[in-house]
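Given next are the chains, with one letter for each unit.
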Amino acid sequence: MPRRRVVRTTVIALAATLVVALVAVVAVAGTVVRRPLPQHTGTLAVPGLEAEVTVLRDDRGVPTIYADSAHDLFLAQGFVHAQDRFFEMDYRRHVTAGRLSELVGQDPAALAADSVIRTLGWRRVAEQEWALLEPETRAHLEAYAQGVNAYLADRPLDALGVEYAVLSARVDLDDPEPWEPVDSLAWLKAMAWDLRSNYDRELARAVSFGTVRDVDRVAELFPPYPYETNLPILPPQEAAEAAATAPGEAALLSPELRRALTRVEEALAAVPTLLGEGEGIGSNSWVVSGEHTASGAPLLANDPHLGISAPGVFTQVGLHCREVGPACPFEVSGFSFAGFPGVIIGHNAELAWGITNMGADVTDFFLERTNRQDGTWLHDGQARPLEVRTEVIEVNGGEPVEIEVRSTGHGPIVSDVLEAVGRASSSPTADGVRRSTEVALAWTALEPGRTADAVFAFATARDETDIARAAALFDVPAQNIVFATTDGRIGYQAPGRIPVRARVPDGPVPSDGSWPRPGWDSRYDWQGWVAPEDMPAVVDPPEGFVVAANQAVTAPGQGPYLTNDWDRGYRSQRIRELLEDAIADGTPVDVELATAMQLDDANPYAEVLVPQLLSTPVADDFTRQGVDLLREWDRRNDTDSAAAAYFAAVWATLLELTFWDDLPESQWPDGGSRWLGVVEDLLDDPSNSWWDDRRTVNVVESRDEILSRALESARLRLTVDLGKNATEWRWGSVHVAAPQHPVLGGSGVPDPVRRLVNPTPEGVSGGSSIVNATAWDASSGSFAVTAAPVIRMVVDLGDLDASTWVTMTGTSGHPGSVHYTNQFGAWAAGETFPWPFSRQAVAEASDHELTLRPAD
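Residues numbered from 1 in each chain as written. Predicted model: local features only at pLDDT ≥ 70, side-chain atom pairs only at ≥ 80, totals over all residues. Heavy atoms only, no water.

Engineer: Tell me what's going on with the sheet that holds strand β21 (residues 537-539), and back it up with residues and numbers.
Structural biologist: Spatial strand order, β1-β30-β2-β3-β6-β7-β8-β9-β16-β17-β21: 11 strands in an open sheet with mixed pairing. Each having just a single partner strand, β1 (42-46) and β21 make up the two edges of the open sheet. Averaged over neighbouring strand pairs, the angle between their axes works out to 15° when direction is ignored. For strand β17 (residues 490-493) and β21, the ladder comprises three bridges, and the chain directions are antiparallel. From the neighbouring strand, glutamine 493 faces β21, where its bridge partner is alanine 537. (Pairing = 2+ DSSP bridges. Helix = DSSP H or I, 4+ residues; strand = E, 2+ residues; numbered from the N terminus. Axes fitted to C-alpha atoms, helices over the stretch in contact; angles between N-to-C directions.)

Printed below as a string of structure tokens:
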């Protein structure tokens, strides 16, 4: 049975009353679809420019911008982003401000999203950040906003995006509001939210305990990181082992607490997913010194793994000052976010940098004892007033909705956002007052920060000192930074605002952030932030390379505490082994080899499970035909592999038979790296109680019985899905990447519109925890891709023009544009494109030239 998840997509279903004839006109009529397509050649007058700007585009529509000043450069980038992707920008700013209901009208999912985001206060925090930024950063953001607004001026709504024409059939839409610099800053909160770290595991422990009722059994679902086999980013040093801790069961048994945690889970699930979610979210990155490369200069590779969407998360751009100097220091190319100026990942003329999610624990749930009658919360025995504010959510076509937001000293209360808390049912506290148990969220991104400053600091960085300075500004999200310079340096730097947690050895729950913590006890309060100079870093390591792919950063007890909830490091270790093999063989690492490494599809799950499966007895020849596929399998997930398809079905069935009977539905295994660690441990314990399927009557299953049933059920499942002849199965037939438009791509939208905005799905290789990380959710009933390398880049610091890149869909956000999906097929096939950087290379690759001149 497919898992019935709380809906976390950003898709908003259009009302059934949408007139089919109108939909057909919008979806098919060339004039409507093509009207938003921007001008790429000729000359345009743009208000606010100080001098002429040149925009060159290659045959994939990638813009490279040349300007005389930083002001003109970012103004032009705002103009170009609005040309290509304004609806995406507008949608994102409605989401991040908690105003989605204003755009899509009366929709329960939109209202829930607005309620949660208003409670978290993303936009409020972004407004507070404005005053903290450097004057130059504020100037860049203001110029960018000028460029966006210059494009919006005098253009009717349906000339900005076909989406507005479709939505207008349901709701009355005003012209878009002018773009504000804070709209850009608020987007950083969405980025931080989707990359926020272990809060899902912290919540998962507590929610799982509600049905398992055994702390030790819950701990088995979160195995420790395998430091001995999967090395951390920085070489291990002598360090003390991290102490294992577990909560007292009495701290988690309260029915009221379990209800509150369930409400938290439901509320936070309502936040639209803009970058991605789940264990497939991560990245690969590595950097190799010149002593091991073909060019003799460093080489850097990066491929972030995020949710798949149409248009894709990133858009490519080149930003060049015609004369680089202190007044105009930018000469940078890479991947940007529509809605924010600059480049997030890429290279300049002297340095390249890549980013992967660190996974540091930057969130905590605080259990709060509140009194709704007098509006207080308990802290060290003292009743303190809650901070209360009212938010008004405007609903297009409906009545405004008021919500009350309450916060403790730890953060906003999130357990009552979607469901009001009733009368307190807890026992009286020490002061004799009956109090409710509610849950507040502490998150580093709810403190104003200077991440926007960091974006421009990375763009102009020249060496490891500049990288360290930029990292000190990169407050959220906590990321891994790898870098390389044209003069031969390589390195790693951990940025991020990391909370300091005091040890509470005699407390009711662990103090390491792995479980929700008592907000009434100040010993559990955050004690400040880890100093930037104490964050892990390395320059020119002796082994000549650095691999950062979401694994542990350091060994236990080495450096500041970051988290215990790492990705288990199967991808990072595979990359390390490939590099070590190349170095040992004397094979120089070049762009071609690095690209092939990004596409490596060796399956670590198979290495663990296949030997056990081959020794498991099965009852009939029909099932043995499937098992025989595994016997001959090279244990790689290429698109044509029948064995890969069968193994995936076995894995999903194994997880269902083993865990679905014991865990709440929201915690059914998605099959990510954590679950391989769990199953690997269970294989050595054939009689462990997890193996027993409690749904069967008068039977207690052991390991071999569950493995045998998994083999048999998987054979039957794929027979239905792919046919009786097992040798004709293909992994790529079921493992498909199907990017979906965030508003118009869902099943509730009429088919002509969905066909217009959703690219044709592509079968792909790879899988979960494989280097080619095309993740899928084993609990969903589908093998479809849920997260993937949305971009791939390889930078050759010896010849920047020899670098390569690709994005998942295309540069344009307009479904009627040839550049909407013109990279998707190449991406799915593992191909990349030349990445010109020098003026000559850009000019030679250029197909279109647009001149932007001052309007006056």
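Engineer: Residue-level account of the packing of helix α18 (residues 621-631) against helix α21 (residues 703-722), with values.
Structural biologist: Look at α18 against α21: their axes get within 9 Å of each other, and the N-to-C directions meet at 95°. The angle between α18 and α21 falls in the class roughly perpendicular. Side by side, α18 and α21 meet where Phe622, Thr623, Gln625, Gly626, Val627 and Leu630 of the first sit next to Leu711, Glu712, Arg715, Leu716 and Thr719 of the second. Across the contact of α18 with α21, the residue classes tally to five nonpolar, four polar and two charged. (Parallel < 35°, antiparallel > 145°, perpendicular 65-115°, else oblique. Contact = heavy atoms within 4.5 Å. Nonpolar A, V, L, I, M, F, W, Y, C, P; charged D, E, K, R; others polar.)

Engineer: Quick rundown of the pattern of salt bridges? Include the residues and the values.
Structural biologist: A side chain of one charge can pair with a side chain of the opposite charge if their charged atoms are brought near each other. One pass over the structure, following the stated rule, counts 54 salt bridges. A salt bridge links arginine 635 to glutamate 607; its shortest N-O distance comes to 3.3 Å. Of the two residues, arginine 635 is situated in the loop between α18 and α19 (642-659) and glutamate 607 in helix α17 (residues 604-614); the sequence distance between them amounts to 28 residues. Its salt-bridge partner being glutamate 701, residue arginine 709 comes within 3.3 Å of it at the nearest N-O pair. Taking the relative accessible area as the measure of exposure, arginine 709 reaches 27% and is therefore partly exposed. Overall, the relative accessible area of 6% leaves glutamate 701 in the buried class. (Salt bridge = Lys/Arg side-chain N within 4 Å of Asp/Glu carboxyl O. Buried < 20%, exposed > 50% of the residue type's maximum accessible area, 1.4 Å probe, protein only.)

Engineer: Explain the packing of aromatic side chains to me, using residue names and the numbers behind them.
Structural biologist: Aromatic rings considered in pairs are described by the distance between their centres and by the relative angle of their planes. Tallying each qualifying case throughout the model produces 28 aromatic pairs. On the numbers, 5.3 Å between centres and 75° between planes, the contact of tryptophan 187 with phenylalanine 337 is edge-to-face. In this pair, tryptophan 187 sits in helix α9 (residues 181-194) while phenylalanine 337 sits in the loop between β7 (331-336) and β8 (345-348), placing the two residues 150 residues apart along the sequence. Ring centres 3.8 Å apart and planes at 10° place the aromatic pair tryptophan 660 and tryptophan 668 in the stacked group. As far as burial versus exposure is concerned, tryptophan 660 and tryptophan 668 are alike and both buried. (Phe/Tyr/Trp six-rings, centres within 6.5 Å; stacked < 30°, edge-to-face > 60°.)

Engineer: So, the nonpolar core: which residues are in play, and what are the values?
Structural biologist: Counting 175 residues, the largest nonpolar core has Phe314, Phe340, Met358, Tyr492 and Leu852 as its most contacted members. At 13 residues, the largest contribution of residues to this core is made by helix α3 (residues 70-96). Among the nonpolar cores identified, the runner-up in size contains 59 residues, and Trp515, Tyr570, Val650 and Trp668 belong to it. (Core = buried A, V, L, I, M, F, W, Y, C linked by side-chain atoms within 4.5 Å.)

Engineer: Hey, could you go over a negative patch on the surface for me, with residue numbers and the actual values?
Structural biologist: Where like charges cluster on the molecular surface, the negative patch consists of Asp216, Glu220, Glu680, Asp681, Asp684 and Asp685. Counting only elements with at least two residues in the negative patch, the list comes to α11 (215-220) and α20 (673-683). Relative to the elements of secondary structure, aspartate 684 occurs in the loop between α20 and α21. On the accessibility criterion, aspartate 684 (69% relative accessible area) is exposed. (Patch = residues over 30% accessible without salt bridge, like charges linked within 9 Å, V, L, I, M, F, W, Y side chains within 5 Å. Areas by Shrake-Rupley, 256 points an atom, 1.4 Å probe, with all protein chains shown as cover. Lys, Arg positive; Asp, Glu negative; His and termini not counted. Charge placed at Lys NZ, Arg CZ, Asp CG, Glu CD.)

Engineer: So what's going on with the environment of proline 223? Which residues, and what values?
Structural biologist: Within the secondary structure, proline 223 is located in the loop between α11 and α12 (255-269). Sequence spacing of proline 223 and leucine 716 is 493 residues, and the spatial spacing of their C-alpha atoms is 32 Å. Not counting residues within four places of it along the chain, the set of residues in contact with proline 223 comprises Arg568, Arg674, Gly677, Val678 and Asp681.

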